Amino acid sequence: ANILVGIPAMLSPNQELNYDPDQARQILEDAGWTGDGTRSKDGVELELTLTTTVNQVRQKTQAVVKANLEEIGFAIQLEQVDAGIFFDSSPGNDQSNTKMYTDMNMFTSGVGAPPPVAFMVRFYAGPNNEEIAQQENGWAGRNFLRWKNEEYDALYEQAQTESDPERQAELFIQMNDIVINENAVIPLVSPGNKQAYNRTINIDNIAVGPFEFDYWNIANWNRIEE
């Protein structure tokens, strides 16, 4: 339900997920999108394009999204782009995720070490919109969505200099809620990490953490006594 996950103190308790196709249909009806099959409004059909990289898992995810949206009256066109092109931010590449010339893009990104300033910058417009990816900055802005919210920007700037951990956590929770409530991004899954260890290693001394290399304290590892 949240875009900011992985840091317990900053996990918003204010969001929840509800799978309710009937309610979704009613929302579209109330907004004037009507008709059997693909809905339309004022002569415009409800057609969207969902683009992601060529990847078996992502293609399966695309299929699920397409099926769910078409069930309630969308027409969804799926596109797949080679990852080397999709993540290439060269100014001449019109298929990059930084330009995002399609209705919806899907890719994976994770929260780094706290505080998550570098992660949440992707929703920050910045002074004079300098963080928004656009032709004027060679599509180098980190806000690929070209979404702007003045309240969010003010909270982000405050969080960058906030020294009180509890207050900083409150600011990031508020930022998460703004992004989710305005549907700027729709989280799908928080991918976990996988580790495998020999059965003879003392698991209590491994100390795996979310923001360190798995072997950061390997000097403390030892074998279980037989």
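Placed above this text is the structure.
Conventions adopted
Residues numbered from 1 in each chain as written. Predicted model: local features only at pLDDT ≥ 70, side-chain atom pairs only at ≥ 80, totals over all residues. Heavy atoms only, no water. Helix = DSSP H or I, 4+ residues; strand = E, 2+ residues; numbered from the N terminus. Buried < 20%, exposed > 50% of the residue type's maximum accessible area, 1.4 Å probe, protein only. Polar contact = N/O pair within 3.5 Å; in protein donor to acceptor, adjacent residues only side chain to side chain. Phe/Tyr/Trp six-rings, centres within 6.5 Å; stacked < 30°, edge-to-face > 60°. Axes fitted to C-alpha atoms, helices over the stretch in contact; angles between N-to-C directions. Parallel < 35°, antiparallel > 145°, perpendicular 65-115°, else oblique. Left-handed = near helix turned anticlockwise from the far one by under 90°. Contact = heavy atoms within 4.5 Å. Pairing = 2+ DSSP bridges. Right-handed = clockwise from strand over helix to strand, strands pointing away.

Caption draft 1: Broad picture of the environment of D82. Structurally, the position occupied by D82 is in the loop between β4 (75-81) and α3 (83-86). On the basis of relative accessibility, which here comes to 47%, the residue D82 falls in the partly exposed class. As a C-alpha pair, D82 and D214 span 132 residues in sequence and 30 Å in three-dimensional space. A polar contact of 2.8 Å, which involves the side chain of D82, links it to the backbone nitrogen of G84.

Caption draft 2: Representation of the packing of aromatic side chains within the structure. If you walk through the whole model with that rule in mind, you get 11 aromatic pairs. Residues F123 and Y152 carry aromatic rings whose centres are separated by 6.2 Å and whose planes lie at 80 degrees to one another, so their mutual orientation is edge-to-face. Taken together, the residues span a long stretch of sequence, with F123 in the loop between α4 (117-120) and α5 (150-161) and Y152 in helix α5 at a distance of 29 residues. In terms of burial, F123 and Y152 fall into one category: buried.

Caption draft 3: Geometry of the packing of α5 against helix α6 (residues 165-181). Relative orientation of the contacting elements α5 and α6 amounts to 155 degrees, with a least axis distance of 9 Å. When the interaxial angle is binned, α5 and α6 end up roughly antiparallel. Crossing of α5 against α6: the hand is left-handed. Mapping the contact onto sequence places E151, Y152, L155, Y156, Q158 and A159 in α5 and R167, Q168, L171, F172, Q174, M175, I178 and V179 in α6.

Caption draft 4: Structural detail: the pairing of β4. Sheet topology note: the strand β3 (residues 47-53)/β4 ladder contains seven bridges and is parallel. Within β4, the residue paired with T53 across the bridge is V81. Read from β3 through helix α2 (residues 56-71) to β4, the crossover connection turns out right-handed.

Caption draft 5: The arrangement of the sheet that holds β3 in detail. Read from one edge of the open sheet, three strands run β4-β3-β5, paired in parallel fashion. Here the strands that pair on one side only, and so sit at the sheet edges, are β4 and β5 (104-105). Relative to β5, β3 runs parallel, the two sharing two bridges. Bridging from a neighbouring strand, T51 pairs with N105 of β5.

Caption draft 6: Fine view of the environment of N137. Tracing the chain through its elements places N137 in the loop between α4 and α5. With a relative accessible area of 24%, N137 lands in the partly exposed category. N137 sits 27 residues away from G110 along the chain, and the two C-alpha atoms are 25 Å apart. In this structure, N137 is in contact with E130 and I132, ignoring residues within four places of it in sequence.

Caption draft 7: Molecular detail of the environment of N97. Note on placement: N97 falls in the loop between α3 and β5. Judged by its relative accessible area of 5%, N97 falls in the buried class. For the pair N97 and T51, spaced 46 residues apart in sequence, the C-alpha to C-alpha distance is 9.0 Å. Among residues more than four places away in sequence, those in contact with N97 are F86, F87, N105, F107 and F144.

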